[in-house]
Amino acid sequence: MFVTGDSVTHSAYQEIDRDPATFIAISYDRSNTVSADGKRIVSADPHGMSGGALFLPIRQDLGQGETRPILGLAGVLVEYHKAPANVLVAVRIGPIIQSLPSAQSFGRPPFRLEKLSG
């Protein structure tokens, strides 16, 4: 399943008290949605979408000045704000990646893997 939405204004970020440097907010009015084949539908209830991926269109560099449009992972959905805001909110992927420890900092696990006996 996929849903679409438009970017929101800076005042919408203020209304939901989220920083656009950390979060991406997109409009989401489930009663005003069009399906992939152009028919008006009532879209999915956003409850349960938390943890889902937010993809945004980006341009992939193919070299020699050529690019192509693709969908890039932009964030992870975390919130839904009903009317009057009507927005889905995702944490940007950059801050998520920055919060992960590097592979070198893991060291040895804090547990021992033992061969199962019996």
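Computed from a predicted structure; not experimentally measured. Residue numbering note: each chain is counted from 1, following its sequence as written. Totals for whole chains, interfaces and linings use all residues, but because this is a predicted model, local features are given only for residues with pLDDT of at least 70 and pairs of side-chain atoms are given and counted only at 80 or more. To obtain the side-chain values, all non-hydrogen atoms of the structure were included, while hydrogens and water were left out.

**Student:** Tell me about the overall build of the chain, residues and numbers included.
**Tutor:** Summing up its helical and strand segments, the chain has two helices and six strands in all. When its helices and strands are written in sequence order, the chain yields α-β-β-β-β-β-β-α. Long-range pairs, those at least 24 residues apart, make up 39% of the contacts in the chain between residues at least 6 apart in sequence. The numbering of helices and of strands both runs from the N terminus, where a helix is a DSSP run of H or I of at least 4 residues and a strand a run of E of at least 2. Should any heavy atoms of two residues lie within 4.5 Å, those residues are counted as being in contact.

**Student:** Just give me the short version of the pairing of strand β1 (residues 23–27), but keep the residues and values in it.
**Tutor:** A large share of β1 lies buried, amounting to four of its five residues. Here, a strand pair is defined by DSSP locating no fewer than two bridges between the strands. Where β1 and strand β6 (residues 87–92) come together, five bridges link them in antiparallel fashion. Across the sheet, the residue bridging to Ile 24 is Ala 90, located in β6. Each residue gets one of three labels from its accessible area relative to the maximum for its type: buried under 20%, exposed over 50%, partly exposed in between, using a 1.4 Å probe on protein chains only.

**Student:** Account for the sheet that holds β1, naming residues and giving values.
**Tutor:** Spatially, β1-β6-β5-β4 is the arrangement adopted by the four strands of the open sheet, whose pairing is antiparallel. For this open sheet the edge positions go to β1 and β4 (53–63), each flanked by a neighbour on one side alone. For this sheet the average axis-to-axis angle between neighbouring strands, irrespective of direction, equals 35°. Structural elements are reduced to axes, namely lines fitted to C-alpha atoms, with helices fitted over the stretch in contact, and the angle between N-to-C directions of any two is expressed from 0 to 180 degrees.

**Student:** Describe the packing of aromatic side chains, naming the residues involved and giving the relevant values.
**Tutor:** Any Phe, Tyr or Trp ring, taking Trp's six-membered ring, that has another such ring centre within 6.5 Å forms a pair; planes under 30 degrees apart are called stacked, those over 60 apart edge-to-face, and the others tilted. Taken as a whole and judged by the stated rule, the model has one aromatic pair. Lying across the ring of Phe 23, Arg 18 places its NZ or CZ 5.7 Å from the centre. For a Lys NZ or an Arg CZ to count as sitting over a ring, it must be within 6 Å of the ring centre and within 35 degrees of the ring normal.

**Student:** How would you summarise the environment of Lys 39 if you had to cite specific residues and measurements?
**Tutor:** In this fold, Lys 39 is placed in the loop between β2 (33–34) and β3 (40–41). Among all residues touching Lys 39, those that are not within four sequence positions of it are Thr 33 and Val 34.

**Student:** An account of the confidence of the model for the chain is requested, with residue identities and associated values reported.
**Tutor:** Confidence in the prediction for the chain averages 82 pLDDT; 84% of positions are at 70 or higher. Ranking the helices and strands of the chain by mean pLDDT puts β6 first, with 95, and β2 last, with 76. Each residue carries a pLDDT score, the predictor's own confidence in it, on a scale running from 0 to 100.

**Student:** Mind laying out the environment of Met 49, listing which residues take part and the relevant values?
**Tutor:** Mapping Met 49 onto the fold places it in the loop between β3 and β4. Given the relative accessible area of 12%, Met 49 is considered buried. Linking Met 49 and Leu 88, residues 39 residues apart in sequence, is a C-alpha distance of 9.4 Å.

**Student:** Describe unusual backbone geometry, with residues and values.
**Tutor:** Here the bond from Ala 83 into Pro 84 is cis, since omega is 15°, no more than 30 degrees from zero. Backbone geometry places Gln 64, a non-glycine residue, at a positive phi of 50°. Take Gln 64: it is sitting in the loop between β4 and β5 (66–81). Among the residues examined, Gln 64 registers a relative accessible area of 82% and is labelled exposed. A positive phi angle, close to 50°, is found at Asn 86, a residue other than glycine. Tracing the chain through its elements places Asn 86 in the loop between β5 and β6.

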